[in-house]
Each structure stands twice: as C-alpha cells, then as structure tokens.
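Observations on the three-dimensional arrangement
Spelled out from the first residue to the last, the chains are:
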Amino acid sequence: MHIPVLLREVVDSLAVRQGGVYVDGTLGRAGHAREILLRGGAGTTLVGIDRDEQALREIGNVAGLKAVKGRHGDIEEIAHENGWNKVDGVLLDLGVSSPQLDEAGRGFSFLREGPLDMRMDRSCGLTAADIVNFESAERLEEIFRDNGEEPNARRI
C-alpha cells in the first residue's frame, strides 16, 4: 500500500472546502487526491495529472476524480479543458514515488537489478541506457553537471 508523504499536513495546508475544485498536478497513486475528496465531501471535484500510465491504471475509479495523463506544467491547459477558469487549490508533490523506486523494471532503483530506463512516461523519449550508450562524453558531462548538479561531471 502506498502511503502519501505528510498527508495530513499537505491537505491541511490546502484548507479544503466542501464542493471545491482542485488540481493534483502529480497524482501518483492518488493518496493526497483521495484525502482532498474525502475532506471536501459531496460536490468536490479534482483533476489529477500524472505522466506515469501505470500509476493512472492502478488508481481505478474514485468518485470526484478525473485522472489525466500529462505533465504538471500543463495545469492551466488541462483546467481549461475541464471548463475551469479558477480552482480552490493546487497540489504538486514533486519527485519520484516509492512504487517507481521499488519496481526494478522502472530502472530507478539502486537496490534492485533492472533495465536502465528511468522514464516517468515510458511511452516516449529515450531510456537512460540509450542516453548513456549513445550520447557524446561532452553531452553526458553537461547532463550530469546541469541536471544532476554533479561537481565531478567531467571526471564521471
């Protein structure tokens, strides 16, 4: 079972109101979203956005929740697509979720053997293995330095 980080504190800070309209820009396994909907009660609606198709499949049907594949950077567009010009709250739980780290096949784990994938959205883009094996040393240095903030990027 997935347990959301700081569930009570995060949802308390949203000051959820009955019948409110909310966006969870990093839906994951919908732990925070479920709590928002529970506290908001009848009439509360929430659009949850996630890039991970597996996470979206695992959520199932949750009353009041519309799960959408996308990126949190597309919140405005997705809200407008749902007829919302304003919302009562937005949640972004940035980072990698435990299920992504725990499942060796996702390629994020340091503890389990698996393919070097590391994509949040496995339907597009290059895998980490593709990048490591086919990019130039200069490009890899840039990636490690700029995205990983690695001070020894050149040596690596």
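Because the structure is predicted, anything quoted here is derived from the model rather than measured. (Residues numbered from 1 in each chain as written. Predicted model: local features only at pLDDT ≥ 70, side-chain atom pairs only at ≥ 80, totals over all residues. Heavy atoms only, no water.)

1. Details of the overall build of the protein
We apply this condition: Strands are runs of DSSP state E lasting at least 2 residues, helices are runs of H or I lasting at least 4, and numbering of each runs from the N terminus. Between buried and exposed lies partly exposed: a residue is buried under 20% and exposed over 50% of the maximum accessible area for its type, with that area taken using a 1.4 Å probe on protein chains only. Whether two residues are in contact is decided by their heavy atoms: any pair within 4.5 Å suffices.
In terms of helices and strands, the protein carries seven helices and four strands. Going residue by residue from the N terminus, the α and β elements of the protein occur as α-β-α-β-α-β-α-β-α-α-α. Along the longest, intermediate and shortest principal axes, the C-alpha atoms of the protein span 55 × 30 × 30 Å. Counting over 156 residues, the protein shows a buried share of 39%. Put simply, of all contacts in the protein between residues at least 6 apart along the chain, 48% involve residues at least 24 apart.

2. So, the environment of Thr45
Tracing the chain through its elements places Thr45 in strand E2 (residues 45–50). Its relative accessible area of 29% is what places Thr45 among the partly exposed residues. Residues in contact with Thr45, not counting those within four places in the same chain, are Gly20, Val21, Tyr22, Leu37, Gly64 and Trp84.

3. Brief notes about a nonpolar patch on the surface
Condition: What makes a patch is a set of residues exposed beyond 30% relative accessible area and free of salt bridges, joined within 9 Å when like-charged and within 5 Å when nonpolar (Val, Leu, Ile, Met, Phe, Trp, Tyr). Calculation of accessible area relied on Shrake-Rupley with a 1.4 Å probe; when residues are assessed, cover is drawn exclusively from the protein chains displayed. Put simply, a salt bridge is a Lys or Arg side-chain nitrogen that is within 4 Å of an Asp or Glu carboxyl oxygen.
Judged by side-chain polarity, Val90, Leu92 and Leu94 come together as a nonpolar surface patch covering roughly 260 Å² of accessible area. The residue Val90 is located in strand E4 (residues 89–91) in this model. For Val90, a relative accessible area of 41% puts it in the partly exposed group.

4. Re the nonpolar core
What counts here: Only buried residues count toward a nonpolar core. Its members are Ala, Val, Leu, Ile, Met, Phe, Trp, Tyr and Cys residues joined through side-chain atoms within 4.5 Å.
Membership of the largest hydrophobic core comes to 16 residues, with the highest contact counts inside it found for Val16, Leu27, Ala30, Ile36, Leu46, Ile59 and Leu65. For this core, the elements supplying multiple residues, two or more each, are helix H1 (7–14), helix H2 (31–40) and helix H3 (53–59). Aside from chain neighbours lying at most four places away, what touches Leu46 is Tyr22, Asp24, Ala33, Ile36, Leu37, Gly64, Leu65, Lys66 and Trp84. Residues Val21, Ile49, Ala79 and Trp84 belong to the second largest nonpolar core, which totals nine residues.

5. A word on the pattern of salt bridges
Scanning all chains against the criterion turns up 10 salt bridges. With its nearest N and O atoms 2.9 Å apart, the salt bridge here joins Arg39 to Glu35. With Arg39 and Glu35 both in helix H2 and four residues apart, the pair spans about one turn of that helix. Sharing partners across several salt bridges, the network here consists of Glu141, Arg145, Asp146 and Arg154.

6. Details of the environment of Trp84
Within the element layout of this structure, Trp84 appears in the loop between helix H4 (75–81) and E4. Accessibility expressed as a relative area gives 14% for Trp84, which makes it buried. Placed 44 residues apart in sequence, Trp84 and Ala128 show a C-alpha to C-alpha distance of 37 Å. Once residues lying within four places of it in the same chain are set aside, the contact partners of Trp84 are Val21, Tyr22, Val23, Thr45, Leu46, Val47 and Ala79.

7. A look at the pairing of strand E3 (residues 65–69)
Selection rule: Whether two strands pair comes down to DSSP finding at least two bridges between them.
Of the strand pairs in this sheet, E2 and E3 are connected by five bridges, and their pairing is parallel. Bridge pairing in E3 places Ile49 opposite Val68.

None of this, on its own, says anything about what the molecule does.
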